[in-house]
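Fold and geometry: a report
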Amino acid sequence: MLLKIELENFFSIKEKVCIDFRAAGMNSAKARELSDNVFEWNGAKILKCVGLFGPNASGKSNIVKAIQFCCFMIIESHTHNEGTIFNFQPFKFDGYDQKPSRFLVDFVCDDIEYEYSFSLTRTKIVTESLYHYPNGKRAKIYTRDENLEEPYSFSPGIIAKPKDIVLNTSQKNLFLSRASSMNRELAQKLYKYFLETFLLRMVEINSITAEQNFNQYKKVILEALSVCDTDICDINARHDKVSVPAGFPFPGGQPGMQMVDILRFQTTHTLAKNVTFDMDAEESSGTRNMFAILLRLLDVVKNKKSWMLDEFDANLHSRLSEFIIDLVHASERSQLLFTSHNTNLISMNRFRKDQIVLVQKKKDGSTEVYTLYDFKDFRETMDAEKGYLQGRFDAVPIVDTSVARLKQLLED
């Protein structure tokens, strides 16, 4: 499970922002009513859902991009060579483009809490650290600081032959990533967590994972689509052979053709069960998006995974968005971090105050985040959506769309 994510100096993110899945100390009647929105671990309450809301260009997507970048570094950095330039931009104002960017993930793997962090410029990794809480107390596994004469410090007996790993770790590689590639048990376990449990994207429809998830969860997918008020009564997967260009065999040559295997999904509707429809070509964008979400989401909720999803409700009716949220809250221990412009979701009947994260851009162009819980004068009996749209919590676009202003704009 995720406990906390900290991000600093990444695109519009200037100073540290924190996405906290640890629930605030709330014992109101509304919080008790929403008891399914949290689960307990080691005596603490952990949030299942956190939603990011705010105007366009406030930095919501940059938060998700920063988390994705952090995870891809862990998964891929052992492959980086000396010519690698890391694919991101630090905050461009106030000299921050000369400062390192920093990432921290506080998470639980095999019932032990780990705190992993690193900082880097576009050309090199500067610091890295891994701590754990084996007995409830923070203890070092290793630290790294490339500014020191002896960059690495290890607690003995946790990682086997760490100096061998150091010899094979350049300033382009994270030690954790390299240690996993060199078969160190703890590093492999944490690497697998970020690869298989900390999920970042939708399932590619034409992939082995999509077919496996579909075969495993087909019955639940059909039931979920029925709950969502579609009249789809059956879905089947089939493989088609399609001819595609094979590329240019030599400069100036003509491309050859090759046959590739394409996975397609066909739907059947209650109106005419003998007529099939192609999911990709003939179903609505909302149905396709819902189907793609369910392919990933059911794996997440059934296997206690975490999922980061930008604009998860694009092309979805508000009721379908609510269904997705409710499905996560109905799970035992899954988690979802999402961004959305759907203000209908800003409701005290669906979310606790600490689950609603508001994102806005400050005057210096940087991203700021805070939760509805931070507004101590806001009571749970109030209309949160109305307050948001009125600008009470700041993170809402201020646009003059009056007819008079638009007439003036057209005359200019």
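Structure: above.
Quick summary incoming for the structure in this document. All of these numbers come straight from a predicted model, not from anything done at the bench.

A look at the sheet that holds strand β10 (residues 152–154)
- Strand order in the open sheet made by the seven strands is β2-β1-β6-β7-β8-β9-β10, with antiparallel pairing throughout. Each edge of the open sheet is held by one strand with a lone partner, namely β2 (17–20) and β10. Each strand axis lies, on average, 10° off the axis of its neighbour in the sheet, ignoring direction.
- By the bridge criterion, six bridges tie strand β1 (residues 2–8) to strand β6 (residues 101–109) in an arrangement that is antiparallel. Residue pairing in the sheet places Leu7 in a bridge with Phe103 of β6.
- On the sheet, helix α2 (residues 60–76) packs against β1, β2, β6, β7 (112–120) and β8 (125–132) and is oriented at approximately 95° with respect to β7.

What about the sheet that holds strand β16 (residues 335–340)?
- With mixed pairing, six strands are arranged side by side in an open sheet as β11-β15-β16-β5-β17-β18. Lying at the two open borders of the sheet, with one neighbouring strand each, are β11 (198–199) and β18 (367–371).
- Here strand β17 (residues 356–361) pairs with β18 via five bridges, running antiparallel. Across the sheet, the residue bridging to Val357 is Thr371, located in β18.
- Lying on the sheet, helix α8 (residues 285–302) is in contact with β11, β15 (306–309) and β16; it crosses β15 at an angle near 150°.
- Sheet strands in contact with helix α9 (residues 318–330) are β5 (49–53) and β16, and its direction is about 160° off that of β16.

Notes on the side chain of Thr367
- Within the secondary structure, Thr367 is located in strand β18.
- A polar contact of 2.7 Å, which involves the side chain of Thr367, links it to the side chain of Ser12.
- A polar contact of 2.8 Å, which involves the side chain of Thr367, links it to the backbone oxygen of Ser58.
- If sequence neighbours within four positions are ignored, Thr367 has contacts with Ser12, Ile13, Val17, Ser58, Gly59, Ile63, Val359 and Gln360.

Examining the pattern of salt bridges
- Enumeration over the complete set of coordinates arrives at 21 salt bridges.
- Across the pair Asp20 and Arg22 runs a salt bridge whose closest N-O atoms are separated by 3.0 Å.
- The exposure class of Arg22 is partly exposed, given its relative accessible area of 37%.
- For Asp240, the salt bridge is made with Arg238, and the minimal N-O distance between the two is 2.8 Å.
- Arg238 gets classed as partly exposed once you look at its relative accessible area, which sits at 33%.
- Ionic contacts of the salt-bridge type, sharing partners, join the residues Lys4, Glu6, Lys16 and Arg102 into one network.

Some details on the packing of α8 against α9
- Running from N to C, α8 and α9 cross one another at 10°; their axes reach a closest spacing of 10 Å. As judged from the angle between their axes, α8 and α9 are roughly parallel. Touching Met290, Ile293, Leu294, Leu297, Leu298 and Val301 of α8 are Leu320, Phe323, Ile324, Leu327 and Val328, all from α9.
- Its residues placed into classes, the contact of α8 with α9 shows eleven nonpolar, no polar and no charged.

Here's the deal with the nonpolar core
- Grouped together as the largest cluster of nonpolar side chains are 59 residues, with contacts concentrated most on Phe107 and Phe198.
- Counting residues per element, this core draws most heavily on α2, which supplies eight residues.
- Sequence-distant contacts of Phe107, that is, excluding residues within four places in its chain, are made with Met1, Leu2, Leu3, Ile112, Glu113, Tyr114, Tyr116, Leu190, Tyr193 and Phe194.
- One finds Leu297, Val300, Met348 and Tyr388 within the second-largest nonpolar core, a separate group that totals 50 residues.

Here's the deal with the side chain of Asn9
- In this structure, Asn9 sits in the loop between β1 and β2.
- Overall, Asn9 belongs to the buried group, its relative accessible area being 1%.
- Within the local environment of Asn9, its side chain forms a polar contact with the backbone oxygen of Lys99, the two atoms lying 3.0 Å apart.
- In contact with Asn9, other than residues within four places in its own chain, are Lys14, Phe88, Pro90, Phe91, Tyr96, Lys99, Pro100 and Ser101.

With respect to α9
- With 13 residues, α9 should reach 18 Å at 1.5 Å per residue; the first-to-last C-alpha distance of 18 Å fits that figure.
- Among all positions of α9, only Ser318, Leu320, Ser321, Glu322, Phe323, Ile324, Ile325, Val328 and His329 are buried.

Concerning the pairing of β6
- In terms of burial, β6 is a largely internal element, eight of the nine residues being buried.
- Pairing between β6 and β7: nine bridges, direction antiparallel. Counted as the bridge partner of Arg102 is Ser119 from β7.
- In textbook terms, the turn of a hairpin is the stretch between consecutive antiparallel strands, and for β6 and β7 this stretch comprises two residues, one of which, Asp110, has a positive phi near 55°.

The rules we used
Residues numbered from 1 in each chain as written. Predicted model: local features only at pLDDT ≥ 70, side-chain atom pairs only at ≥ 80, totals over all residues. Heavy atoms only, no water. Pairing = 2+ DSSP bridges. Helix = DSSP H or I, 4+ residues; strand = E, 2+ residues; numbered from the N terminus. Axes fitted to C-alpha atoms, helices over the stretch in contact; angles between N-to-C directions. Contact = heavy atoms within 4.5 Å. Polar contact = N/O pair within 3.5 Å; in protein donor to acceptor, adjacent residues only side chain to side chain. Salt bridge = Lys/Arg side-chain N within 4 Å of Asp/Glu carboxyl O. Buried < 20%, exposed > 50% of the residue type's maximum accessible area, 1.4 Å probe, protein only. Parallel < 35°, antiparallel > 145°, perpendicular 65-115°, else oblique. Nonpolar A, V, L, I, M, F, W, Y, C, P; charged D, E, K, R; others polar. Core = buried A, V, L, I, M, F, W, Y, C linked by side-chain atoms within 4.5 Å. Expected span 1.5 Å × (residues − 1).

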